[in-house]
Amino acid sequence: METHCVGPARRDDEAGRPKRGRGARSLAWLLVLLVPFFGGVGAFKTSAADAWDEVSRAGILRYANDAEGGAPYIFHPPGSPDQLTGFEVDLAAAIAGRLGLKPAFVQNNWDVILPALNQGGSFDVVIAGIEWTPENRAKVALSRPYFAFGQQLVVRADATGLDSLDALRGKRVGVLSATASFRMLEKHGGIDARVYQDNVNYFRDLESGRLDAVLTDTPIARVNLAGNDKLRRAGPPFAPGFYAVAVRPGETALLARIDGAIDALLKDGTLEKIYRKYDLWDDGQAALTAWKPGGETTAEKHSALKEWGTYLPILLRASVTTIWVTCSGMALAVVLGLGLAIVRLYGPAPARWAAIAYIEVFRGTPLLLQIYFIYFGLAQQLGVRLSAGFAAVIALGLNYAATEAENYRAGIEGVPKGQLEASLALGMKRRLALRRILLPQALRISLPSVTNDFIAMFKDSSIVSVIALVELTKEYQIRAIDTGDYVGLGLMTAGIYFAMSYTASLGARALERKLGHDRR
Amino acid sequence: MIAVEGLRKRFGDRTVLDGIDHRQERGQSVVLIGPSGCGKTTFLRCLNQLETPDAGRITIADVTIEAGGRVDRERQRQLRLRAGMVFQQFHLFPHLTALGNVMEAPVRVLGRPRDAVEAQALGLLEQVGLSQHAGHRPGQLSGGQQQRVAIARALAMEPAVLLLDEPTSALDPELREEVRDVLRRLADEGSTMLTVTHDMQLARDIADTVLFFHAGTIVESGPPEQLFGDPVHERTREFLRSVRD
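Residues numbered from 1 in each chain as written. Chains lettered and ligands numbered in written order. Predicted model: local features only at pLDDT ≥ 70, side-chain atom pairs only at ≥ 80, totals over all residues.

Along the backbone of chain A there are 20 helices and eight strands. Expressed as a percentage of its 520 residues, the buried residues of chain A come to 41%. Pairs at least 24 apart in sequence give 73% of the contacts found in chain A among residues at least 6 apart. (Helix = DSSP H or I, 4+ residues; strand = E, 2+ residues; numbered from the N terminus. Buried ≥ 20, exposed ≤ 12 C-beta atoms within 10 Å, placed from the backbone. Contact = placed C-beta atoms within 7 Å.)

Quick look at the structure:
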């Protein structure tokens, strides 16, 4: 371990050069990325000493957060979309200042922020509402807490009797992915948990009636309920917990400095000042002062492959969602695409232009954007509230219809010209010739491309998880974050995807054979 | 049965048909010969409106189309219903069986009952010697067999005239005879036929009258014995010498 890959790069530093050698650095990067993958997280240590040496030498504390996290943690203040503010931005600045460092924000997707920390390199600490839980302590080293929060149920203002988890049995409850709230719903059981990627959209869906309640951390509830008379808190906060700063395991020197800085900020009232600025200071924060370091972590390590009896059924259940979303989406795409292709080829001029415009717009913009637009945009602007599953099918169907239309057009144009002439010579009208002679041949020509798209949609369907639909990839993500077993669960998930795609392509091949009589 | 007056057709600057007049009686079998590119296929395709002529008048049975002006699709269709077409490359529908190819138009276009059409179609396939192959798809048939299905397909619509565009040209020499045989019988039975061909054997066998086409005009016409034995025009003689070589 002492002579690890970053060794040479370090010697460069000791020789007094301000920057590390490029080649050595990219090699180090590659190994840094690969080692945890094969060797497991625990096998990796950055160096003989500690990240603190490097941080103090650079004079910069690189901290990761997710700007999508929203108020009050970290957000773009209204009217200044290129600035960042939030209590964690202020906190990071205060901690860095206390240590004589400059803070530097690094954006990272919150879902995978702890694994990213362990992969090393682009940031030194995570200050992003990381909960002080056994699960997290098993993955990273956590500082003393800097904030005390509780779980808060939020419901619509006119809701009655929904003020406890027991009362929410069978109800739809929005929750943030990979949080204590999510694990609480899971453990409680019997609640229809809808998993979200961000702190904002579940409130919108609660307002619009897609959800019955939201379970979230108190700061999120506080900010989002301010000035909102459509929603209210249900019951008092419960299940108190803490946020803490995360560092890589084993970096005791850096951790000790962070602990010291938070202690000092708590004692001299800086924390209170920051939290009051965001209207977050409450009696609950007294727990910060009373806090004593706990014993060793007791969270058990999971291996998905050994516990396949537990995880495989969970993944298989999620794959049912993947299958029905894909099959319904493809059915829509096939029908709509055929109509578009025909209008594009044979329609009157204005209809033809409309079909071309449709195809170009839906092919030329990201599927993700279209999903947001259909699910959130329509609800907001027109009051059209599609369920997540329905919106997913519509979005996939509309998007793929553009591709299918082009497949069919290529198929129709691929039918020899003599076929139309022979049909017309027999006295057929164009419409009849199209339906009986050209299309059956065109579909045979298009079939391989359509199969291809069908298989591609199995994979693309994972995008719909952004609208709180837990399909296979999302389920994998949730479980991988919970257990830390990215490899074992990944192999299982990949296996299921492969089984689905391979079945689809076997079916398509059989269909091609069945329809392929005309070719010798 | 067929009357063509002053038919003209240009492709760009090139005049392909330069004022063709042609009359053909019921039961007559006429064969068009002439060098490649002389306009004979275009003439045939103009007759059933697969090409739109620039000028002239075409009458087949009781339908007349005058060139120029708006295309009247329904009238075109009526004309096509009276003129069955057989193509050089057969153009059978590959996704249908031989029987399906023959039945498609009578059922779908004329709206006749399926069982009646099926009986008629099987009869036609028998006439062209293919009753054993009714259930085969075009891909499973030889070129000669495909062309015979194509002839049955055209006949199933009971057209007033049969237009044949080089019906034996795409076939290997040993397969031509089976198609000639079918066409000879049709001619003997008194079908009204207009055939474009390079197959002089076929022309001799089925023609009542042979037309020699050159550069978009009919240079010479006459019964086959006369036109092949003692052609009047130098151009005709040249052409016949070239195909004999």
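Residue and element names in this part refer to chain B. A sheet is described by the order of its strands in space; here six strands give the open sequence 6-7-8-3-9-10, paired in mixed fashion. In this open sheet, the two edge strands, each paired with only one partner strand, are strand 6 (83-86) and strand 10 (217-222). The mean inter-strand angle of the sheet, taken between neighbouring strand axes irrespective of direction, is 20°. Pairing analysis gives four bridges linking strand 3 (residues 29-33) to strand 9 (residues 209-214), with the strands arranged parallel. By the bridge assignment, L32 is partnered in strand 9 with L211. (Pairing = 2+ DSSP bridges. Axes fitted to C-alpha atoms, helices over the stretch in contact; angles between N-to-C directions.)

Once that is clear, we can look at the packing of helix 17 (residues 417-425) of chain A against helix 18 (residues 430-460) of chain A. Residues and elements named next belong to chain A. In the contact formed by helix 17 and helix 18, the axes pass within 10 Å of each other and the chain directions differ by 160°. Comparing their axes, helix 18 and helix 17 come out roughly antiparallel. Judged by the sense of rotation from one axis to the other, the crossing of helix 17 with helix 18 is right-handed. Along the contact surface, helix 17 presents Q419, L420, S423 and L424, while helix 18 presents A433, I437, L438 and Q441. For the contact of helix 17 with helix 18, a count of residues per class yields five nonpolar, three polar and no charged. (Parallel < 35°, antiparallel > 145°, perpendicular 65-115°, else oblique. Left-handed = near helix turned anticlockwise from the far one by under 90°. Nonpolar A, V, L, I, M, F, W, Y, C, P; charged D, E, K, R; others polar.)

Turning our attention to the nonpolar core. Of all hydrophobic cores here, the largest spans 207 residues; its most connected members are V126(A), A213(A), A246(A) and A392(A). For this core, the leading source of residues is helix 16 (residues 388-414) of chain A, giving 13 residues. (Core = buried A, V, L, I, M, F, W, Y, C linked by C-beta atoms within 7 Å.)

Attention now goes to the interface of chain A and chain B. Contacts between chain A and chain B engage 19 residues on the former and 21 residues on the latter. Those elements that provide at least two residues to the side of chain A that touches chain B are helix 17 and helix 18 of chain A. Taken together, the residues of the side of chain A that touches chain B break down into eight nonpolar, five polar and six charged.

Attention shifts here to the sheet that holds strand 2 (residues 14-24) of chain B. Residues and elements named next belong to chain B. Across the sheet, four strands lie side by side as 2-1-4-5; this open sheet has antiparallel pairing. Each of the sheet's edge strands pairs with one partner strand only, and the pair in question is strand 2 and strand 5 (63-66). Here the strands of the sheet are splayed against their neighbours by 15° on average, with no regard to which way each runs. Where strand 4 (residues 55-60) meets strand 5, four bridges bridge the pair, whose relative direction is antiparallel. By the bridge assignment for strand 5, I60 is matched with V63. Docked against the sheet, helix 2 (residues 73-82) engages strand 4 and strand 5, running at close to 130° with respect to strand 5.

A word on the pairing of strand 6 (residues 192-196) of chain A. Residue and element names in this part refer to chain A. Strand 6 sits mainly inside the fold: four of its five residues count as buried. Summarising the sheet, strand 5 (residues 172-176) and strand 6 pair through five bridges and their orientation is parallel. Bridged to L176 within strand 6 is Y196.

Okay, helix 2 of chain B next. Within helix 2 of chain B the residues assigned to the buried category are L79(B), R80(B), L81(B) and R82(B). Close packing links the buried residues of helix 2 of chain B with helix 17 of chain A together with strand 4, strand 5, strand 6 and strand 7 (161-165) of chain B.

With that settled, the discussion passes to unusual backbone geometry. It is generally the case that most residues other than glycine have a negative phi and that most peptide bonds are trans. In this structure, D279(A) takes a positive phi of about 60° despite not being glycine. Mapped onto the fold, D279(A) is located in the loop between helix 11 (270-277) and helix 12 (286-290). With phi around 50°, A215(B) is a residue other than glycine that occupies positive phi space. Inspection of the secondary structure puts A215(B) in the loop between strand 9 and strand 10.

Residue and element names in this part refer to chain A. Considered domain by domain, chain A is made up of domain 1 (7-148 + 242-290), domain 2 (153-241) and domain 3 (308-518). Facing five residues of domain 1, the contacting portion of domain 3 comprises five residues. Its residues assigned to classes, the side of domain 1 that touches domain 3 shows two nonpolar, no polar and three charged. (Domains from an automatic or database assignment.)

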